[in-house]
6 protein chains.
Amino acid sequence: MPYVNIKVTREGTAPGADVTTLEQKKALIKGVSDLLYEVMGKEHSRTFVVIEEVDLENWGIGGVTTSEYRKQKAKS
Amino acid sequence: MPYVNIKVTREGTAPGADVTTLEQKKALIKGVSDLLYEVMGKEHSRTFVVIEEVDLENWGIGGVTTSEYRKQKAKS
Amino acid sequence: MPYVNIKVTREGTAPGADVTTLEQKKALIKGVSDLLYEVMGKEHSRTFVVIEEVDLENWGIGGVTTSEYRKQKAKS
Amino acid sequence: MPYVNIKVTREGTAPGADVTTLEQKKALIKGVSDLLYEVMGKEHSRTFVVIEEVDLENWGIGGVTTSEYRKQKAKS
Amino acid sequence: MPYVNIKVTREGTAPGADVTTLEQKKALIKGVSDLLYEVMGKEHSRTFVVIEEVDLENWGIGGVTTSEYRKQKAKS
Amino acid sequence: MPYVNIKVTREGTAPGADVTTLEQKKALIKGVSDLLYEVMGKEHSRTFVVIEEVDLENWGIGGVTTSEYRKQKAKS
């Protein structure tokens, strides 16, 4: 009876996309469910996966927003 | 001092609605707060309830999105 | 397909108990599942409820731990 | 390697704003990251902060939505 | 910069084990991190995975604790 | 009405300690509550802070457990 919560920044990571695509969500859901079955024998029908997308300005890393963090990284 | 987080799929379950209605949210908040008072004596003023609605394509069950899961169920 | 996470302080609230009792946990699980069925028509078999107990010194309210908060309240 | 999740009601608390402003988000991210470094020596680059804003009608307190709760308070 | 929270019931699912084993935890962490890299290009060094084990009596399904749920299933 | 959840690895970061100390927890609770008051005007009495400690082997980073990650870092 696993529950998996995946939080990612809301942005495009597939070619031409500016958000997480439906194909990516399907791949995450299938991949996590398969993993829990393979590693722990958890039935697919008993695994919940909830994907949450978080705006770049709402996600902090290194003491700054993700947008700022990447700018700093790009410069260094 | 309880904190309750309720996650549901974002869709209509009341007649004519396509999202969770304000009346439903009020009923969930009241119901959960009453329950914590009755079962554990927790004061209403110290109970936080946070409702989060999750898009059907962001909620996985059975290794697929909720939309796909229901289609499979409908067929079987 | 709801997921409900209930966080409460780890302490006794039933007579003679010093933790949440099994009877209280059963009542919370049943109560929340019934509520989601009544308000939103969610099937019991599709509702997950996860109860987490948190030590009093790990739960802050009013800028202090719950233990300190209660001492302050008792004095005032 | 801390992970901090901050949930607040979605509303304006800065002059003229009706949501949490970017400046407030930056201040929260910096403040929490600094705190974890000062108190526990956690490196900024290893601290994630995720801010989530929750609609007033999705946040319950005192058995009612936050909007209703404030109306009750204002009257009393 | 993903954050993944995996909640499972605290019990043995590997031969001879009565809790999640270290090998299983390693496999979950590696599997989820690989998945996020493959599907979304997320760097391993930026992915946090937090595994939480929940006692059977603290996890509700079908309106009852997981222990009761399994007994009911075994009978039916 | 903020809710803040702080997750850290369960280990000592104060001199001579092998877990998060009570003093550290108090400092985190006070620091976060002060921050929310200063940045957003949130009253201390309405801010909940929940600290959760996570075993090193339950926290993944870089595709491995935190223990392994540090060993790799120490070598490189």
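The model shown is predicted, which means the values in this text are computed figures rather than measured ones.

Caption draft 1: Spotlight on the overall build of chain A. Scanning chain A from N- to C-terminus turns up two helices and four strands. For chain A, the C-alpha radius of gyration of 16 Å lies well beyond 11 Å, the compact-globule estimate for 76 residues. In terms of principal-axis extent, the alpha carbons of chain A reach across some 45 × 30 × 20 Å. Buried positions account for 55% of the 76 residues belonging to chain A. Contacts in chain A between residues far apart in sequence, at least 24 positions, make up 56% of those at least 6 positions apart. Just so you have it, chain A exposes about 3,100 Å², and 51% of that area is on carbon and sulfur atoms.

Caption draft 2: Structural context of the UniProt feature "active site" (unreviewed entry) in chain A. Within this structure's numbering, the places UniProt gives as "active site" (unreviewed entry) are Pro2(A). Within the element layout of this structure, Pro2(A) appears in the segment before β1 (3–9). Other than its neighbours up to four places away in sequence, Pro2(A) contacts Leu36(A), Lys42(A), Arg46(A), Thr47(A), Phe48(A), Phe48(C), Lys7(E), Val8(E) and Trp59(E).

Caption draft 3: Representation of the interface of chain E and chain A within the structure. At the junction of the two partners, chain E supplies 29 residues and chain A supplies 29 residues. Note on chain E versus chain A: buried area summed over both sides is about 2,500 Å², and carbon and sulfur give 69% of it. In this structure, Glu11(A) and Lys42(E) form a salt bridge, with 3.7 Å as the shortest nitrogen-oxygen distance. The tally of links between chain E and chain A comes to nine residue pairs in polar contact (both at pLDDT 80 or more).

Caption draft 4: Fine view of the sheet that holds strand β4 (residues 64–65) of chain F. The sheet built from eight strands is open, its strands ordered β4(B)-β3(B)-β2(A)-β1(A)-β1(E)-β2(E)-β3(F)-β4(F) with mixed pairing. Each end of this open sheet is capped by a strand with a single partner; those strands are β4 (64–65) of chain B together with β4 of chain F. Pairing analysis gives two bridges linking strand β3 (residues 59–61) of chain B to β4(B), with the strands arranged antiparallel. Note on β4(B): the bridge partner recorded for Gly60(B) is Thr65(B).

Caption draft 5: Spatial organisation of the relation of the copies chain E and chain A. Overlay of chain E on chain A (RMSD 0.0 Å): rotation 180 degrees, translation along the axis 0.0 Å. When the rotation and shift are considered jointly, the pair of chain copies conforms to a two-fold rotation axis. Within chain E, the C-alpha atom positioned nearest to the axis of rotation is that of Asn5(E), 2.6 Å from it. A share of 100% of the interface residues of chain E reappears at the interface of chain A, consistent with the copies meeting face to face through the same patch.

Caption draft 6: Structural view of the sheet that holds strand β3 (residues 59–61) of chain A. The eight strands are arranged β4(A)-β3(A)-β2(D)-β1(D)-β1(F)-β2(F)-β3(C)-β4(C) in an open sheet whose pairing can be described as mixed. Looking at the sheet topology across the chains shown, the edges are occupied by β4 (64–65) of chain A together with β4 (64–65) of chain C. As judged from the seven bridges shared by strand β1 (residues 3–9) of chain D and strand β2 (residues 48–54) of chain D, these two strands associate in the parallel manner. Considered in β2(D), the bridge of Tyr3(D) is made with Phe48(D). Against the sheet, helix α1 (residues 22–40) of chain D makes contact with β3 and β4 of chain A, β1 and β2 of chain D together with β1 (3–9) of chain F, and its axis sits at roughly 140 degrees relative to β2(D), the strand it touches most.

Caption draft 7: Fine view of α1(D). Taking 1.5 Å per residue as the helical rise, α1(D) with its 19 residues ought to reach 27 Å, and the 27 Å between its terminal C-alpha atoms agrees with that figure. Residues of α1(D) that are buried include every one of Gln24(D), Lys25(D), Leu28(D), Ile29(D), Gly31(D), Val32(D), Ser33(D), Asp34(D), Leu35(D), Leu36(D), Val39(D) and Met40(D), and no others. In this structure, the buried residues of α1(D) make contact with β3 and β4 of chain A, β1 and β2 of chain D together with β1 and α1 (22–40) of chain F. Phi turns positive one or two residues past the end of α1(D), at Gly41(D), with a value near 70 degrees.

Caption draft 8: Molecular detail of the relation of the copies chain C and chain A. With an axial shift of 0.0 Å and an RMSD of 0.0 Å, the rotation relating chain C to chain A amounts to 180 degrees. Interface overlap between copies: 100% of the residues of chain C at the interface are likewise at the interface in chain A, consistent with a symmetric, same-surface contact.

Caption draft 9: How the structure looks around the UniProt feature "domain: 4-oxalocrotonate tautomerase-like" (unreviewed entry) in chain A. The sites that UniProt annotates as "domain: 4-oxalocrotonate tautomerase-like" (unreviewed entry) are residues 2–65 of chain A. Each end of residues 2–65 of chain A is marked by a C-alpha atom, and these two atoms are 31 Å apart; helix forms 30% of the span and strand 30%.

Caption draft 10: How the structure looks around the packing of helix α1 (residues 22–40) of chain A against helix α1 (residues 22–40) of chain E. Put simply, α1(A) and α1(E) touch, their axes get as near as 10 Å, and they point 160 degrees apart. Relative to α1(E), α1(A) is oriented roughly antiparallel. Along this stretch, α1(A) crosses α1(E), giving a crossing that reads as right-handed. Residues Gln24(A), Ala27(A), Leu28(A), Gly31(A), Val32(A), Leu35(A), Leu36(A), Val39(A) and Met40(A) of α1(A) lie in contact with α1(E), whose contacting residues are Gln24(E), Ala27(E), Leu28(E), Gly31(E), Val32(E), Leu35(E), Leu36(E), Val39(E) and Met40(E). Residues belonging to the contact of α1(A) with α1(E) are distributed by class as follows: 14 nonpolar, four polar and no charged.

Caption draft 11: Representation of the interface of chain C and chain A. Facing six residues of chain C, the contacting portion of chain A comprises six residues. Interface area, chain C with chain A, both sides summed: about 520 Å², of which 76% is carbon and sulfur. If you sort the residues of chain C by the area they bury against chain A, Tyr3(C), Arg46(C) and Phe48(C) come out on top, with a joint share of 84%. Across the chain C-chain A interface, the total number found is zero salt bridges. Remark: the boundary between chain C and chain A carries zero residue pairs in polar contact (both at pLDDT 80 or more). Of the residues assigned to the side of chain C that touches chain A, the class counts are four nonpolar, one polar and one charged.

Caption draft 12: Structural context of the environment of Leu36(B). By the secondary structure assignment, Leu36(B) is in helix α1 (residues 22–40). Given a relative accessible area of 0%, Leu36(B) falls into the buried group. Separated by 35 residues in sequence, Leu36(B) and Met1(B) have C-alpha atoms that sit 9.8 Å apart. Other than its neighbours up to four places away in sequence, Leu36(B) contacts Pro2(B), Val4(B), Gly41(B), Lys42(B), Thr47(B), Ile6(C), Val8(C) and Leu28(C).

Caption draft 13: Spatial organisation of empty space enclosed by the protein. Using the criterion set out here, one finds one cavity of 30 Å³ or more in the structure. Here the largest cavity defines a volume of roughly 290 Å³. Residue lining of the largest cavity: 19 residues in total, with Asn5(B), Asn5(C), Lys7(C), Lys7(E) and Asn5(F) positioned closest to the centre. Contributions of two or more residues to the lining of the largest cavity are made by β1 of chain A, β1 (3–9) of chain B, β1 (3–9) of chain C, β1 of chain D, β1 (3–9) of chain E together with β1 of chain F. When the residues that make up the lining of the largest cavity are grouped by side-chain class, the tally is six nonpolar, six polar and seven charged.

Here is what the cut-offs are and how they apply
- Residues numbered from 1 in each chain as written.
- Chains lettered and ligands numbered in written order.
- Predicted model: local features only at pLDDT ≥ 70, side-chain atom pairs only at ≥ 80, totals over all residues.
- Heavy atoms only, no water.
- Helix = DSSP H or I, 4+ residues; strand = E, 2+ residues; numbered from the N terminus.
- Rg over C-alpha atoms; globule rule 2.2 N^0.38 Å.
- Buried < 20%, exposed > 50% of the residue type's maximum accessible area, 1.4 Å probe, protein only.
- Contact = heavy atoms within 4.5 Å.
- Areas by Shrake-Rupley, 256 points an atom, 1.4 Å probe, with all protein chains shown as cover.
- UniProt positions renumbered as here; feature names shortened; annotations may be inferred.
- Buried area = accessible area lost by both parts, 1.4 Å probe.
- Salt bridge = Lys/Arg side-chain N within 4 Å of Asp/Glu carboxyl O.
- Polar contact = N/O pair within 3.5 Å; in protein donor to acceptor, adjacent residues only side chain to side chain.
- Pairing = 2+ DSSP bridges.
- Least-squares fit on C-alpha atoms with pLDDT ≥ 70 in both.
- Axes fitted to C-alpha atoms, helices over the stretch in contact; angles between N-to-C directions.
- Expected span 1.5 Å × (residues − 1).
- Parallel < 35°, antiparallel > 145°, perpendicular 65-115°, else oblique.
- Left-handed = near helix turned anticlockwise from the far one by under 90°.
- Nonpolar A, V, L, I, M, F, W, Y, C, P; charged D, E, K, R; others polar.
- 1 Å grid on protein atoms, 1.4 Å probe; cavity = no way out; pocket = protein on both sides within 12 Å on 5 of 7 lines; lining within 4 Å.
- Points joined across faces, edges and corners; volume = space filled by probe spheres on them.

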